[in-house]
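Geometric and topological summary
The chain contents come next:
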Amino acid sequence: MNWRAPLAFLGVGLLLGLLPWLRERLDFPVFYLVFLYFVFFWAAQASSWNMLTGYSGYFSFGQGAFYGVGVYTTATLVDKFDFNFLASLPLAGVTAALLGLGVGFAVFRLRKLRGELFALLTLAVALVIAAVVRNVDIIDGGYGVPLGQVPYPEFLGDYSTMLYLLGLTIALLTVFVAYAIQHSRLGQGLFAIRDDEAVAEGLGVPTFRYKMIVLAISCFFAGLSGGLHALQINYVAVESVFNIRVPLFVILMSILGGRRHWLGPVIGAAIIHTLSDRFSSARLEFLNQIIIGSLLIVMILFVREGIFARLQRRVWFSLALFAGVLAVQVLGGIGERLITQIAIAMLALIATLLIPDAVYQRLFGRARIPC
Amino acid sequence: MLVCENLTRKFGGLSALAGASLSVAEGEILGLVGPNGSGKSTLINVISGHFAPNVGRISFRGRDITGREPHWITALGIARTYQIPRPFHTMTTLENVAVGCMFGRSRDGVARARQQARRWLEITGLAAYANAPVQKLNLHQRRFLELARALACGADLLLLDEVLAGLNPTEVEASIEMIRRIHERGVSIVIVEHIMRVVVSLSHRLVVLDQGRVIAEGAPQEVMRDPTVIGAYLGRDYAGGH
């Protein structure tokens, strides 16, 4: 890894960080900040999940447990113990990481627990945690935790700006760590574990330690991002935190975007959140479920690598298509909201990315590198 | 270099190894032969740490390695290959070898490991396939990839599990040549092999396993004439008939 990557992440962060300031000047609706907060939240959650599952191949259904522990750590500390909200965030991450280490220590000791057994076990952990939270009064006890007005430092601006900036920071940090892992020995060791764990161990990869490390990092970011999300939810309740939404969506997003590359889950998160948001604002939730469900089936059957890998191979065509579809709508005055127009351009992009490589090459050709 | 004492490994009620003892000297090529099911592969698996022995002790250069994790044993300088090649299938040829360079005995970073890996690919004649997905390699090339990956670990002792099985005569010759070249680099080798002609010509010494026990060891030509060995391979009657 060189110095350029951290600088690039910092640059992206500064540009996006300027948005709330721009909003005050240009006076566009606060909706965009809230919308982007959710993109950041999902990007952090999906990246966190992908560090474990995409990189090491251990399929987790337990993202909800680690996210939920983060939500409830912040909620409990802030509501019951008058804890400083900012200080509670790292603690939310650490609590989730400790839970992850506990689970990992039990599971990774047993060599047989791979595949569906690991997936089931992580799902069981989520169910147990939900039951504990529902029944322990000091955490929730079944009544929910209303957070109301939570004090935070003034320089973060109004409530949506504060959520936006913190969400951006956490997402950037998570994605940067995912990037750094992919380009380090840890990442290469995890990829080897994913392909053949026994061979990896035989080549000198400390498989147990590496799985524990990546599980702890993955859970830390799930909890950190969850801790902040407690403020977005505001009224924290077991049913809304420990449901199927988070574990299911991180899987969807990562499979759509691609699990082999750090950018895959980010792209998946941006696309799926944008589509869901547009469909539900148009009151077409059923259509949303049909489209996302069938997209998942198509991806698993035909585009295992995810769309990012194809995007990389057809980068100019894809960008031109996306920009073209967007420009036609904006200039032609079709639709009223920029986000809707972007969502339509995304759909067009996905549709062309689903074209198999063989067909694509016949249709559009491709400069072949002489061997 | 490597000393195995009284190794026993049971699977259910069956003893794959039943008190096998043998040693490997520095710079030696040791041939490990025996009929099917005699415990050769189990022995490789036990030495490399994939199975712990139920009884017995293994030491490498004076250090006890009995029951240690495979990655720890690899870090001391023992590497192995698999009879059926097991490349990392989502990686390129170069990336496969780089895993050995990054882990094994070294702690090299990714960039340096890739440079080192290129060298091993040149030595094993796979340089032209560096950036190809491993699916493009045939069996012979995959076996060489196994060799390159094991060498990349910085091994002083290589455990080769049937590296010649299923190859055509030309490929067998190329492989023998390669094993000799690896040995000339100062690597000690334990070779498990079915093709007798090859083991006899390659090995300095032969160890014959039967039913999990060492039944004979010594110079290849002499061992092959040993009545107990002939008996184990062809049945007692043939051995007695001579």
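Residues numbered from 1 in each chain as written. Chains lettered and ligands numbered in written order. Predicted model: local features only at pLDDT ≥ 70, side-chain atom pairs only at ≥ 80, totals over all residues.

**With respect to the overall build of chain B**
- Within chain B, the secondary structure is distributed over ten helices and ten strands.
- Projecting the C-alpha coordinates of chain B onto the three principal axes gives extents of approximately 60 × 40 × 35 Å.
- Across chain B, the fraction of contacts at a sequence separation of at least 24, relative to all contacts at a separation of at least 6, is 63%. (Helix = DSSP H or I, 4+ residues; strand = E, 2+ residues; numbered from the N terminus. Contact = placed C-beta atoms within 7 Å.)

**Considerations on the interface of chain A and chain B**
- Between chain A and chain B, the residue contacts involve 18 residues of the former and 21 residues of the latter.
- For the side of chain A that touches chain B, the elements supplying multiple residues, two or more each, are helix 8 (185-195) and helix 9 (197-202) of chain A.
- Counting residues per element, the side of chain A that touches chain B draws most heavily on helix 8 of chain A, at six residues.
- In terms of residue class, the side of chain A that touches chain B is built from seven nonpolar, seven polar and four charged. (Nonpolar A, V, L, I, M, F, W, Y, C, P; charged D, E, K, R; others polar.)

**A few points about the sheet that holds strand 6 (residues 78-80) of chain B**
Residues and elements named next belong to chain B.
- Spatially, six strands are ordered 6-7-8-3-9-10 in an open sheet, and the strand pairing comes out mixed. A single partner strand is all that each edge strand has here, and the edge strands are strand 6 and strand 10 (213-218). Geometrically, the sheet is characterised by an average inter-axis angle of 20 degrees between neighbouring strands, direction not taken into account.
- Alignment of strand 7 (residues 157-161) against strand 8 (residues 188-192), held across five bridges, turns out to be parallel. When the sheet's bridge partners are listed, leucine 157 is paired in strand 8 with serine 188. (Pairing = 2+ DSSP bridges. Axes fitted to C-alpha atoms, helices over the stretch in contact; angles between N-to-C directions.)

**So, the domain arrangement of chain B**
All names here are of chain B.
- Splitting chain B by domain gives domain 1 (1-77 + 156-242) and domain 2 (85-155).
- One C-alpha centre belongs to domain 1, the other to domain 2; they are set 25 Å apart.
- On the side of domain 2, 13 residues touch domain 1, which itself brings 14 residues to the contact.
- Among the elements of the structure, helix 2 (70-76), strand 7 and helix 6 (169-184) are those that each provide at least two residues to the side of domain 1 that touches domain 2.
- Among the elements that make up the side of domain 1 that touches domain 2, the one with the highest residue count is helix 6 (four residues).
- Residue composition of the side of domain 1 that touches domain 2, grouped by class: eight nonpolar, four polar and two charged. (Domains from an automatic or database assignment.)

**Section: the domain arrangement of chain A**
Residues and elements named next belong to chain A.
- Domain annotation for chain A reports domain 1 (1-243) and domain 2 (244-362).
- Here domain 1 and domain 2 have C-alpha centroids that lie 23 Å from each other.
- Taken together, the contact between domain 1 and domain 2 spans 23 residues of the former and 20 residues of the latter.
- The element best represented in the side of domain 1 that touches domain 2 is helix 3 (residues 31-56), accounting for twelve residues.
- Looking at the side of domain 1 that touches domain 2 residue by residue, the class counts come to 13 nonpolar, ten polar and no charged.

**What about the packing of helix 4 (residues 63-81) of chain A against helix 12 (residues 245-257) of chain A?**
Residues and elements named next belong to chain A.
- Where helix 4 meets helix 12, the closest approach of the two axes is 7 Å, and the angle between their N-to-C directions is 120 degrees. One element, helix 4, and the other, helix 12, form an angle in the oblique class. Between helix 4 and helix 12 lies a crossing of right-handed hand. For the pair helix 4 and helix 12, the contacting residues are Gln63, Gly64 and Tyr67 in the first and Val246, Pro247 and Val250 in the second. (Parallel < 35°, antiparallel > 145°, perpendicular 65-115°, else oblique. Left-handed = near helix turned anticlockwise from the far one by under 90°.)

**A closer look at the sheet that holds strand 5 (residues 63-64) of chain B**
Residues and elements named next belong to chain B.
- Strand order in the open sheet formed by four strands is 2-1-4-5, with antiparallel pairing between adjacent strands. Each having just a single partner strand, strand 2 (14-24) and strand 5 make up the two edges of the open sheet.
- Bridging between strand 4 (residues 55-60) and strand 5 involves two bridges; their strand directions are antiparallel. Among the inter-strand pairings, serine 59 is bridged to a residue of strand 5, identified as aspartate 64.
- On top of the sheet, helix 1 (residues 40-47) reaches strand 1 (2-11), strand 2 and strand 4; it is set at about 65 degrees to strand 2, its chief contact.

**Let's talk about the packing of helix 3 of chain A against helix 13 (residues 263-281) of chain A**
Residues and elements named next belong to chain A.
- Relative to each other, helix 3 and helix 13 sit at 140 degrees, their axes nearing to 8 Å. Classed by the angle they form, the pair helix 3 and helix 13 counts as oblique. Crossing of helix 3 against helix 13: the hand is right-handed. Counting all contacts with helix 3, which are made through Phe35, Phe38, Val39, Trp42, Ala43, Ala46, Ser47 and Asn50, the residues of helix 13 involved are Gly264, Pro265, Val266, Gly268, Ala269, Ala270, His273 and Asp277.
- Of the residues in the contact of helix 3 with helix 13, the class split is ten nonpolar, five polar and one charged.

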